Amino acid sequence: QVQLVESGGNSVQAGGSLRLSCAASGSIFSIITMGWYRQAPGKQRELVATITNSGNSQYADSVKGRFTISRDNAKNTVDLQMNSLKPEDTARYYCRSQAWFGSLKDYWGQGTQVTVSS
């Protein structure tokens, strides 16, 4: 089992920055990939950025050049630095991990709210 706790959500004005953090606990040695997803009201949850154990990352086109995902394997955290925020970035942001326990299993945090005002 893996537990994930997000922090760092807040309300900011357009053009501002926020840093989200996700702390993993439990069987963290089984984690392969960690990432951030978001869900705006009335919309489906979508990928924002993911990063593997080896540091390979991928981003949604909408956040490339503005958001940076980073991972600290020693601290078992994954951060999302968000710059040049736009109102369309407003959503609840969720941390996700994929871990191997004989098969690949998904774990999600409770989410943290990001609101960007124009």
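From a predicted model like this one, the values you see are computed outputs, not experimental measurements.

## Here we look at the packing of aromatic side chains
Enumeration over the complete set of coordinates arrives at 2 aromatic pairs. Ring centres of Tyr37 and Trp108 lie 5.1 Å apart, and the angle between their planes is 70 degrees; this geometry places the pair in the edge-to-face category. One end of the pair, Tyr37, is in strand β4 (residues 31–39); the other, Trp108, is in strand β10 (residues 104–108), and 71 residues separate them in sequence. Classification of Tyr37 by relative accessible area gives buried; the value is 11%. On the numbers, 6.2 Å between centres and 80 degrees between planes, the contact of Phe101 with Tyr107 is edge-to-face.

## Considering the side chain of Asp79
Note on placement: Asp79 falls in strand β8 (residues 77–82). A distance of 2.8 Å separates the side chain of Asp79 from the side chain of Ser21, its partner in a polar contact. Each residue touching Asp79, except ones within four places of it in the same chain, is listed here: Arg19, Leu20, Ser21, Cys22, Trp36, Thr68, Ile69 and Ser70.

## Focus: a nonpolar patch on the surface
Among the surface-exposed residues, Ile32, Trp100 and Leu104 lie close enough to one another that they form a single nonpolar patch of about 300 Å² accessible area. Positionally, Ile32 belongs in strand β4. Note on Ile32: relative accessible area 34%, which makes it partly exposed.

## Considering the sheet that holds strand β7 (residues 67–72)
The sheet built from 4 strands is open, its strands ordered β1-β3-β8-β7 with antiparallel pairing. The open sheet has two edge strands with one neighbour each: β1 (2–7) and β7. Sheet twist, expressed as the average angle between the axes of neighbouring strands with direction ignored, equals 15 degrees. Examined bridge by bridge, β1 and strand β3 (residues 18–26) share 6 bridges and lie antiparallel to one another. Bridging from a neighbouring strand, Val5 pairs with Ala23 of β3.

## Some details on the environment of Ala24
Mapping Ala24 onto the fold places it in strand β3. A sequence separation of 18 residues divides Ala24 from Glu6, and the C-alpha atoms of the two residues are 9.0 Å apart. The contacts of Ala24, once residues within four sequence positions are left out, are Val2, Gln3, Leu4, Ile31, Met34 and Asn76.

## Regarding the environment of Ser25
Along the chain, Ser25 falls in strand β3. Sequence-wise, Ser25 and Val2 are 23 residues apart; in three dimensions their C-alpha atoms are separated by 5.8 Å. The contact partners of Ser25, leaving out residues within four places of it in the chain, are Gln1, Val2 and Gln3.

The rules we used
- Residues numbered from 1 in each chain as written.
- Predicted model: local features only at pLDDT ≥ 70, side-chain atom pairs only at ≥ 80, totals over all residues.
- Heavy atoms only, no water.
- Phe/Tyr/Trp six-rings, centres within 6.5 Å; stacked < 30°, edge-to-face > 60°.
- Helix = DSSP H or I, 4+ residues; strand = E, 2+ residues; numbered from the N terminus.
- Buried < 20%, exposed > 50% of the residue type's maximum accessible area, 1.4 Å probe, protein only.
- Polar contact = N/O pair within 3.5 Å; in protein donor to acceptor, adjacent residues only side chain to side chain.
- Contact = heavy atoms within 4.5 Å.
- Patch = residues over 30% accessible without salt bridge, like charges linked within 9 Å, V, L, I, M, F, W, Y side chains within 5 Å.
- Areas by Shrake-Rupley, 256 points an atom, 1.4 Å probe, with all protein chains shown as cover.
- Salt bridge = Lys/Arg side-chain N within 4 Å of Asp/Glu carboxyl O.
- Pairing = 2+ DSSP bridges.
- Axes fitted to C-alpha atoms, helices over the stretch in contact; angles between N-to-C directions.

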